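# Structural overview
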Amino acid sequence: MKPATRLRRLGAAALLAAVSCAHATDAPKSTQLIAAVENVLGDKLGEARVEARVHWTQLNADGLVDAIVVVRNQNTGDCFPDQGVICQLMVFRGQPDGFERIYRSTIDERGVALAAPGAAGLRELVHFYRPAGAERAPYAVRAAEGGYRRSPTPLSREEFDNPARQQLQLRADFEPLGPAATPSAMPALGGTVLRAYGSSVLPAQNILRFDKTGLQLMEAAAKSWRETEPLLANQLGKLAGRQLLTRSVTLSFQACNDWISIVRRRVEVSGAEDVPLCYEYLIQTGGEANPPAALFYALGSLGPALLRFSDQPLPRQPDDEGFRGYLAGYLVPDRESARALWTVDGPRYYREMGELFIKVTDTDKAEDSIFRRDFAVRFGAMACALRLRDKAAYDRLLGAADGIRNDDVFANGETRNVALSHWARSTEKQCAEAASWLKTRGIQ
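Residues numbered from 1 in each chain as written. Predicted model: local features only at pLDDT ≥ 70, side-chain atom pairs only at ≥ 80, totals over all residues. Heavy atoms only, no water.

## So, the sheet that holds strand S6 (residues 125-129)
Which entries qualify depends on this criterion: Between any two strands, at least two bridges found by DSSP are needed for them to pair. Comment: elements are numbered from the N terminus, with helices defined as DSSP H or I runs of at least four residues and strands as E runs of at least two. Lines fitted to C-alpha atoms define the axes here, with helix axes fitted over just the stretch in contact, and angles between the N-to-C directions of these axes take values from 0 to 180 degrees.
Read across the open sheet, the five strands follow the order S8-S7-S6-S5-S9; overall the sheet is antiparallel. Either end of the sheet is taken by a strand with one partner, and the two such strands are strand S8 (147-150) and strand S9 (166-168). Between one strand axis and the next, the sheet turns through 30° on average, direction left out of account. Alignment of strand S5 (residues 112-114) against S9, held across three bridges, turns out to be antiparallel. In the strand pairing of S9, Ala 113 is matched with Gln 167.

## Structural notes on helix H2 (residues 29-41)
The condition that has to hold: What a helix should span is 1.5 Å times the count of its residues minus one. Should any heavy atoms of two residues lie within 4.5 Å, those residues are considered in contact.
Between its terminal C-alpha atoms H2 stretches 18 Å, which fits the 18 Å expected from 13 residues at 1.5 Å a residue. Buried residues along H2 sit in contact with strand S1 (50-57), strand S2 (66-73), strand S3 (87-95) and strand S4 (98-107).

## A short note on helix H13 (residues 391-401)
Structural remark: α-helix, 3.6 residues per turn; residues separated by three or four positions point the same way. This is how the line gets drawn: To sort residues, take the accessible area from a 1.4 Å probe on protein chains only and compare it with the maximum for the residue type: under 20% means buried, over 50% means exposed, and anything in between is partly exposed. For this quantity, the arc is that covered by the directions from the helix axis to the C-beta atoms.
For H13, the set of buried residues is Ala 393, Tyr 394, Leu 397, Leu 398 and Ala 401. Angular distribution of buried residues about the axis of H13 spans 140°; they occupy a single face of the element. Turning to H13, the residues buried within the fold contact helix H12 (366-389), strand S15 (415-419), helix H14 (422-425) and helix H15 (428-439).

## As for the pattern of salt bridges
For the record, the criterion: Any Lys or Arg side-chain nitrogen located within 4 Å of an Asp or Glu carboxyl oxygen qualifies as a salt bridge.
Scanning the model with the defined rule gives twelve salt bridges in all. Between Lys 391 and Asp 395 there is a salt bridge whose closest N-O contact spans 3.0 Å. Taken together, the residues Lys 391 and Asp 395, both in helix H13 and four residues apart, mark about one turn of the helix. By relative accessible area, which is 42% here, Lys 391 ends up partly exposed. Given a relative accessible area of 41%, Asp 395 falls into the partly exposed group. Connected through salt bridges with shared partners, the residues Glu 51, Arg 53 and Arg 72 form a single ionic network.

## Quick look at the confidence of the model for the protein
Basically, it comes down to this: The score called pLDDT rates the predictor's confidence residue by residue, from a low of 0 to a high of 100.
For the protein, per-residue confidence averages 75 on the pLDDT scale, and residues scoring 70 or more make up 70% of the total. In the model, residues 1-25 has pLDDT below 50 throughout and makes 21 contacts with residues more than four positions away in sequence or in other chains. Across residues 315-319 the pLDDT falls below 50, and counting only partners more than four positions away or on other chains, this stretch makes six contacts in the model.

## Notes on the nonpolar core
Basically, it comes down to this: Residues grouped as a nonpolar core are buried Ala, Val, Leu, Ile, Met, Phe, Trp, Tyr and Cys residues, joined through side-chain atoms within 4.5 Å.
Residues Leu 251, Phe 323, Leu 327, Tyr 330 and Phe 379 are the most contacted members of the largest nonpolar core, which totals 65 residues. Here the element with the most residues in this core is H12; it accounts for eleven residues. Discounting residues that sit within four places of it in the chain, Phe 323 has contacts with Val 377, Gly 380, Ala 381, Cys 384, Thr 427, Gln 430, Cys 431 and Ala 434. Val 50, Ala 52, Trp 56 and Ala 67 belong to the second-largest nonpolar core, a separate cluster that totals 19 residues.

## Comments concerning the sheet that holds S4
Taking strand neighbours across the sheet as the criterion, the five strands line up as S4-S3-S2-S1-S10 in an open arrangement whose pairing is antiparallel. In this open sheet, the two strands that pair with only one neighbour each are S4 and strand S10 (175-176). Pairing analysis gives nine bridges linking S3 to S4, with the strands arranged antiparallel. The residue bridging Met 90 from the neighbouring strand is Arg 104, located in S4.

Shown next as structure tokens:
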């Protein structure tokens, strides 16, 4: 069964279960979790003189919120077992009518690391533990039948420090467990990437609408997107299997006319949940479909939505004109697909057609300047993704890009004629920093 189909079925099953148990879910999740913790402790939290803190998360793809709870003695420091401060770690699986404890152990000040979703959306935990007669070491805690089980042997310190894991800090990532604690901001997982196609008819205000050549170009562009649909569906399906989205994201293909107002402004207003893409930027001059250009355009544009609506949601923040966002999208294809799709042809045709349409629709050159700068960041991010996946292919891409030159606008407003490869080489430092940033969110 495909991952996306599995997620949808699990989500539907969870919904049916929630409806059938509606009478049991009236209590707030915080109240249900408090009852589950007190059941484990055998005492009321207030009477036991302990403090409980919770990190709401989702450890599988059933659409129900789960909880990681740390319990420590009141009026003591953080978790330092060698100094007598013992903290308990409890992991609870969400149920339609409450929580079920699936793991219990002790932890130290290094806290808990939470991995990105793996097979079937299951997430692994790692924490330090000291078995009888042995030294304290990091152990992996993995899903097993009936709950979670600690690995029989410890991990190396390097494995524990893997930046692809989310390091949970007791104060920053856990909130006090009380009646006011709520997981309401944690949406159910199981979204996917949808595609919507608008009309190929030019907008009424488009100056090409009375021009036969313009109409033919637009018709060819719409036809080109549709011919690329199987390739898009294949790659976006792989994304749904690797990244658990909290909601569905739609790529809306349409006739744009005004690249600034239609694309950039709408992405800001919609919060990247609906990503508008323009027919105009895909076709070759002869009207043929260009799959590499389609992937170059669609995957990069999807990146910001991937960051915002993954199972580790992030606030919207400046990211150097989209470099990190685009990089997140370009890292989606697997290595074999990358070799076929990340060629110089996709960026070259995308840019040529974008400049052609902007040239005949824009009079003050502002749109052209923004498009060129956006393209430079986009190409740099694509090259960065290829460099991280396949260094040899990255070197071949640069060799081909050395021979393609364009007039480009720099941050200071200066226009210079530079090779396409300049935008890859000039962003190598930014590439390394952005890749490290994305690894901590399980995307690379």
